[in-house]
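If you want the building blocks of each chain, they are given just below.
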Amino acid sequence: MSLALLVACSGSTTDETDTDADTADADTDSDADSDTDTDTDTDSDADTDTGTTQSVTDVSARLHPNMGSLFYVSWTQSEPGDAHVEVSFDPGVWESTPTHAWDAGTNEQIVVGVPFGTTAEWRLVVDGANPIDGDPITTDPVPAGLPLGTVTVSDPGAWDADHKYLLTSINADAGGWRSGHYWTFIVDRDGRPVWAVSNGRNLWTLFAQVSVTGDYLLWDESGVNNFPPVDDTKVHYAWLDEEFDVRIAVGLHHAFVQLPDGTLAWGSQHARPGREELMVMGPTETEPTVLWTCRDGLPGIVNDQYCISNGLFYNAATDTFLYSHYTNETLVEIDHATGQTLWYAGDTGGGYAFDPPDSKFNWQHGISYTDAGTLLVSSENRVPGGSGQSTFLLEYDVDHTNRVLHAVWANDAHAHADTNGQAWRLDNGHTLHLVGSASVAREVDGAGDDVWRMEWGGGRVCNDPDSCLLIGHGQFIGDLYALTKPL
């Protein structure tokens, strides 16, 4: 696995200038070392005494050794005090790292969110000292083999500030549902990659996500979908600047989720193909427990049917799982405490009905509950008013009294994925839609209009296997600094 780190920034700032002529030390001797060697050392050895006891020296910058979109600024300060780094890589825009209370001595701050292949200006701001401008630093080129997308719709005024970056995964090898070279990566709203890691050959990543605590990433690395399959699926735990754990999740082949206490849950094909099991494993456990099985949990299953899952969602409010299976186009809700089936709907007999009947989901992916309690899915187009071959967002009210899913909203992605997808309601009322093998990520507002759209390779319809790059689960991120290794 190759690791590539990036530079992310949060919070705009402006230049800081000392205008107090009565107290400012006019001594401009910086004793600066103007060495321009190629190791990006920006050592200024600057005396920044402004009439206080704070002195800042040995200021320098260096790229992260394994993730060349991230860089470190280091310095020595004579007294304890607050400091941060400001960075600019777009004209007229300065961003800031979080301010931290540093001890006297040598300190180091990581800078994230800078795109690959970008030259960034930066400056160090330490309380009690004048800001120190460092020499510009250039991040490493975009990692070889990482597919680059194009932003085709962009309305910055409609975005939430907490939706600044997109985390997802993609297969660099075309062909839709297939093995190949999978990447887990983060892009900004301009579509520029700021962080990326790649799996080994023929190892799938379909469900990259932010931890429930919001301070690290998780992603899967599976060979179960290969022929012959590889059963030692791994889940990686990592900050942007360092991986810190790997756990084995036997049989994991698609979706997994993390519960608030750190428990992992996943759909497993460990027993044998088609005999789906929902497994859970506590944060300190090394062996999973089978919570639910398809054969026992779906009474409508008949002899020639089987289950292979493509979606899993945990509802913390009810301590239940939504669990989707594409082989019988059935969605089921399971009680976490008991492992009992609460209800199900789809092609499996005996489940909830659909209102109207032709609003039924088909080849559903990306199942989730919204905060309002409605059910949201990504579905192939078999709904009224559909525009031909396309993938839709479908939303339902779940009527447990009458055992019916009432359709309340449908939205055409104007792109067709023959496999995979994700649907997620955002805090601002918009919906994030990942259109699987169509290689499309979109944010759609309540009126059904795209306010942001990004496409990789496949574009609008995945009919040509040579143009279909499969993308996985995704979610927006607001603050990349929350995902760095704790100080």
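Structure: above.
Student: I would appreciate a short explanation of the nonpolar core in the present structure.
Tutor: Grouped burial of nonpolar side chains is what soluble globular proteins tend to show. Membership of the largest hydrophobic core comes to 61 residues, with the highest contact counts inside it found for Phe71, Trp75, Ile186, Leu217, Leu240, Trp456 and Leu480. Grouped together as the second largest cluster of nonpolar side chains are 32 residues, Trp239, Cys307, Ile334 and Tyr344 included.

Student: Mind showing me how you'd approach the packing of aromatic side chains here?
Tutor: Each pair of aromatic rings is reported with the distance of its centres and the angle of its planes. Summed over all chains, the structure comprises 20 aromatic pairs. Taking 6.2 Å as the distance between ring centres and 65° as the angle between the ring planes, the aromatic pair formed by Tyr237 and Phe244 counts as edge-to-face. The ring of Trp159 is capped by Arg189, whose NZ or CZ atom sits 4.4 Å from the centre of that ring. In this structure, Arg189 is placed above the aromatic ring of Trp452, and the distance from its NZ or CZ to the ring centre is 5.0 Å.

Student: Explanation requested: the environment of Thr318 in the structure shown.
Tutor: Note that Thr318 resides in the loop between strand S24 (309-315) and strand S25 (320-325). Residues Thr318 and Asp335 lie 17 residues apart in sequence; the distance between their C-alpha atoms is 8.2 Å. A polar contact of 3.1 Å, which involves the side chain of Thr318, links it to the side chain of Asn315.

Student: How do you make sense of the pattern of salt bridges when you look at a structure like this?
Tutor: Side chains that differ in sign of charge can pair as their charged atoms come close. Enumeration over the complete set of coordinates arrives at 15 salt bridges. The salt bridge partner of Asp188 is Arg192, with a shortest N-O separation of 2.9 Å. Judged by its relative accessible area of 23%, Arg192 is partly exposed. Residue Arg425 pairs with Glu395 through a salt bridge whose shortest N-O separation is 3.0 Å. With Arg425 in strand S33 (residues 422-425) and Glu395 in strand S31 (residues 391-399), this pair connects stretches of sequence that are 30 residues apart. Looking at Arg425, the relative accessible area reads 22%, which means it is partly exposed. Here the salt bridges do not stand alone but share partners, grouping Asp90, Asp188, Asp190 and Arg192 into one network.

Student: Would you explain the pairing of S31 in this entry?
Tutor: Each regular strand carries side chains that alternate between the two faces of the sheet. Burial analysis of S31 places eight of its nine residues in the buried class, which makes it a mostly covered element. Looking at chain direction, strand S30 (residues 375-380) and S31 are connected through six bridges and run antiparallel. Bridging from a neighbouring strand, Leu376 pairs with Glu395 of S31. In this sheet, strand S32 (residues 404-412) lies alongside S31 in antiparallel orientation, the contact comprising eight bridges. Paired with Glu395 across the strands is Trp409, a residue of S32.

Student: How should the pairing of S30 be read in this particular structure?
Tutor: Among the six residues that make up S30, six are buried, leaving the element largely enclosed by the rest of the structure. Along S30, one buried face is formed by Leu375, Val377 and Ser379 and the opposite face, lined by Leu376, Ser378 and Glu380, is buried too. For strand S29 (residues 365-369) and S30, the ladder comprises three bridges, and the chain directions are antiparallel. Of the residues in S30, the one forming a bridge with Tyr369 is Leu375. Connecting S29 to the antiparallel partner S30 that follows it, the hairpin turn spans five residues, and Gly373 within it adopts a positive phi of roughly 90°.

Student: Would you mind showing me how to read the environment of Arg403 here?
Tutor: Structurally, the position occupied by Arg403 is in the loop between S31 and S32. By relative accessible area, Arg403 is classed as partly exposed at 41%. Sequence separation between Arg403 and Ala345 is 58 residues; the distance between their C-alpha atoms is 9.1 Å. Among the polar contacts made by the side chain of Arg403, one reaches the main-chain carbonyl oxygen of Gly350 at a distance of 2.7 Å.

Student: Hey, could you run me through the sheet that holds strand S26 (residues 330-335) in this one?
Tutor: The strands making up a sheet are joined through hydrogen bonds of the backbone, oriented either antiparallel or parallel. Across the sheet, which stays open at both edges, the four strands sit in the order S24-S25-S26-S27 with antiparallel pairing between neighbours. The two strands at the open ends of the sheet, each matched to only one other strand, are S24 and strand S27 (341-346). In this sheet, adjacent strand axes meet at a mean angle of 15° when their direction is disregarded. When S26 meets S27, the two strands line up antiparallel, connected through five bridges. Across the sheet, Thr330 pairs through a bridge with Gly346, a residue of S27.

Student: Where do I start with the side chain of His163 in this structure?
Tutor: Along the chain, the position of His163 falls in the loop between strand S12 (150-154) and strand S13 (165-171). Those residues in contact with His163 that sit more than four places away from it in its chain are Arg189, Leu426, Asp427, Asn428, Glu443, Phe476 and Ile477.

Student: Would you take a moment to explain a negative patch on the surface for this structure?
Tutor: Together, Asp162, Asp371, Asp427 and Asp479 line one region of the surface with negative charge. Topologically, Asp479 is positioned in the segment after strand S37 (475-477). Take Asp479: its relative accessible area is 34%, and that puts it in the partly exposed class.

Student: What is the right way to read unusual backbone geometry from this model?
Tutor: Among all residues except glycine, the phi angle is most often negative; among peptide bonds, the trans geometry is most common. Cis geometry is found at the peptide bond from Asp355 to Pro356, where omega equals -5°. Looking at where Pro356 falls in the secondary structure, it is placed in the loop between strand S28 (353-355) and S29. Phi is positive for Arg403, which is not a glycine, with a value near 55°. In this model, His414 sits at a positive phi of 50°, which is unusual for a non-glycine residue. As for its placement among the helices and strands, His414 is situated in the loop between S32 and S33.

What counts as what
- Residues numbered from 1 in each chain as written.
- Predicted model: local features only at pLDDT ≥ 70, side-chain atom pairs only at ≥ 80, totals over all residues.
- Heavy atoms only, no water.
- Core = buried A, V, L, I, M, F, W, Y, C linked by side-chain atoms within 4.5 Å.
- Buried < 20%, exposed > 50% of the residue type's maximum accessible area, 1.4 Å probe, protein only.
- Phe/Tyr/Trp six-rings, centres within 6.5 Å; stacked < 30°, edge-to-face > 60°.
- Lys NZ or Arg CZ within 6 Å of the ring centre and 35° of its normal.
- Helix = DSSP H or I, 4+ residues; strand = E, 2+ residues; numbered from the N terminus.
- Polar contact = N/O pair within 3.5 Å; in protein donor to acceptor, adjacent residues only side chain to side chain.
- Salt bridge = Lys/Arg side-chain N within 4 Å of Asp/Glu carboxyl O.
- Pairing = 2+ DSSP bridges.
- Axes fitted to C-alpha atoms, helices over the stretch in contact; angles between N-to-C directions.
- Contact = heavy atoms within 4.5 Å.
- Patch = residues over 30% accessible without salt bridge, like charges linked within 9 Å, V, L, I, M, F, W, Y side chains within 5 Å.
- Areas by Shrake-Rupley, 256 points an atom, 1.4 Å probe, with all protein chains shown as cover.
- Lys, Arg positive; Asp, Glu negative; His and termini not counted.
- Charge placed at Lys NZ, Arg CZ, Asp CG, Glu CD.

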